Amino acid sequence: MSPELPSAARIIERDIRDALARGDGRPIVIGLCGAQGSGKSTAAAQVHAALTADGIRSVALSLDDFYLTSAERTALGEAVHSLLRTRGVPGTHDVALAMTMLDLLQSGEPVRLPCFDKTRDERATTAQWQVAPAGVQVILFEGWCVGARPQSDAALAEPVNALEAEQDRSGSWRRFVNDQLAGPYQRLFARLDRLVLLEAPGFEVVGAWRTEQEEGLRRETGNGVWAGMSDAEIHTFIQHYERLTRHILDEMPRRADLVITLDEKRAVIRAKHAAYI
């Protein structure tokens, strides 16, 4: 019987330590991609804590914390497509703000980091932003589509689910999302020094994983004021992510610097570095 593999966080931590040892002393940016509910935020937090405990200055950033405000997404929905009111897909983030944060962190300055309150579907006030220390050595940048590449025009032709078939019949929403991914998001992702993928066994598990996330958010509120999404609402919500999640699972494993394959319970099945992929 083969020995149990270490957790995803431990594998990522070791990879980062190796990268630091080979580095030139400048801050390194680690991209961590994974489908909704795959555990990327938890892994990033665990790695950040482990590095910090060892005196390595690190910071964990989430692409989610750069969502456009509710008012900005409403305006985008009115100007381009109504589906853009829903946060998540490329085009619904403040990419310029994310680039600025990376610039400041890599300059060595202490930085106030934005955060997004999902219980209110709104960016938190600046008073609630955490401060990253000066001289950060490792920037962990996690998100469901971090490092993703755009699809071909041909791949956009047919809808992948009922949401696209019913609410994006012309394909204008998915073309806009793809254009955003091909433009400003590629400039952002070009800042990554290494790309790590938490590889889900398939999109089919995302619904269950996202439901668990929602239950966790309910527990965090603790006062019963925020009811969260119903199972039906979750089913609709994840359809916004389905096209790109399937695309990532199809193409990213061949080029990511580290691929950590998970089973449906998020246990690590295997880990492959680029040299062995």
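Everything that follows concerns the structure shown earlier in this document.
A short tour of the structure in this document, coming up. (Residues numbered from 1 in each chain as written. Predicted model: local features only at pLDDT ≥ 70, side-chain atom pairs only at ≥ 80, totals over all residues. Heavy atoms only, no water.)

Turning our eyes to something else, we now look at the environment of leucine 83. For leucine 83, the position within the fold is in the loop between helix H3 (70-79) and helix H4 (95-106). It is 12 Å that separates the C-alpha atoms of leucine 83 and isoleucine 238, two residues lying 155 residues apart in sequence. Ignoring sequence-local partners within four residues, the contact set of leucine 83 consists of Leu163, Gln167, Asp168, Trp173 and His240. (Helix = DSSP H or I, 4+ residues; strand = E, 2+ residues; numbered from the N terminus. Contact = heavy atoms within 4.5 Å.)

A few words now on the pattern of salt bridges. Applying the stated criterion across every chain yields a total of 18 salt bridges. Where arginine 10 meets glutamate 13, a salt bridge forms, and the shortest distance between an N and an O atom there is 2.9 Å. With a gap of three residues between them, arginine 10 and glutamate 13 both fall in helix H1 (residues 8-22), about one helical turn apart. According to the relative accessible area criterion, glutamate 13 is buried, its value standing at 9%. (Salt bridge = Lys/Arg side-chain N within 4 Å of Asp/Glu carboxyl O. Buried < 20%, exposed > 50% of the residue type's maximum accessible area, 1.4 Å probe, protein only.)

Before going further, it helps to spend a moment on the pairing of strand E7 (residues 138-143). Among the six residues that make up E7, six are buried, leaving the element largely enclosed by the rest of the structure. Taking every second residue as pointing to the same face, both faces of E7 are buried, with Val138, Leu140 and Glu142 on one and Ile139, Phe141 and Gly143 on the other. With six bridges connecting them, strand E1 (residues 28-34) and E7 associate as parallel partners. Along E7, the bridge assignment pairs isoleucine 30 with leucine 140. Summarising the sheet, strand E2 (residues 58-62) and E7 pair through five bridges and their orientation is parallel. Among the inter-strand pairings, valine 59 is bridged to a residue of E7, identified as isoleucine 139. (Pairing = 2+ DSSP bridges.)

Here the focus is unusual backbone geometry. In terms of backbone geometry, most residues other than glycine have negative phi values and most peptide bonds are trans. You will see that aspartate 121, though not glycine, has its phi angle at about 55°, which is positive. Relative to the elements of secondary structure, aspartate 121 occurs in the loop between strand E4 (116-117) and strand E5 (122-123). A positive phi is found at arginine 266, a non-glycine position, where the angle reads about 75°.

The strand order across the open sheet built from six strands is E2-E7-E1-E8-E9-E10, with neighbouring strands paired in mixed fashion. The open sheet terminates on both sides in strands that have one partner only, identified here as E2 and strand E10 (268-273). Across the sheet, the mean angle from the axis of one strand to that of its neighbour is 15°, orientation sign disregarded. Sheet topology places E1 next to strand E8 (residues 194-199); five bridges connect them, and they run parallel. In the sheet register, glycine 31 faces E8, and the bridge partner there is leucine 195. (Axes fitted to C-alpha atoms, helices over the stretch in contact; angles between N-to-C directions.)

Before going further, it helps to examine helix H9 (residues 231-251). A rise of 1.5 Å per residue sets the reference length of H9, with its 21 residues, at 30 Å; its end C-alpha atoms lie 29 Å apart and thus fit the reference within 8%. At tyrosine 241, H9 is deflected by roughly 50°, the largest bend along its length. (Expected span 1.5 Å × (residues − 1). Bend = angle between axes of the 7 residues up to and from the residue.)

Per the counting criterion, the structure on display carries five aromatic pairs. Look at tyrosine 67 and phenylalanine 116: their rings are 5.1 Å apart centre to centre, the planes differ by 75°, and that puts the pair in the edge-to-face class. Placement of the pair is tyrosine 67 in the loop between E2 and H3 and phenylalanine 116 in strand E4, with a sequence separation of 49 residues. On the accessibility criterion, phenylalanine 116 (9% relative accessible area) is buried. (Phe/Tyr/Trp six-rings, centres within 6.5 Å; stacked < 30°, edge-to-face > 60°.)

Within the fold, glutamine 151 resides in the loop between E7 and helix H5 (162-167). Engagement of the side chain of glutamine 151 in a polar contact is seen with the side chain of arginine 243, the distance being 3.3 Å. (Polar contact = N/O pair within 3.5 Å; in protein donor to acceptor, adjacent residues only side chain to side chain.)

End to end, H1 covers 21 Å across 15 residues, agreeing with the expected 21 Å (1.5 Å per residue, within 8%). Those residues of H1 that fall on the buried side of the exposure criterion are Ala8, Ala9, Ile11, Ile12, Glu13, Asp15, Ile16 and Ala19. Next to the buried residues of H1 lie E1, helix H2 (40-53), E7, E8, strand E9 (258-262) and E10.

Counting buried residues in E1 gives seven out of seven residues, a clear majority hidden from the surface. On E1, burial covers both faces: Ile28, Ile30, Leu32 and Gly34 on one face and Val29, Gly31 and Cys33 on the other are all buried.

Remember that the coordinates give geometry; whether it matters functionally is a separate question.
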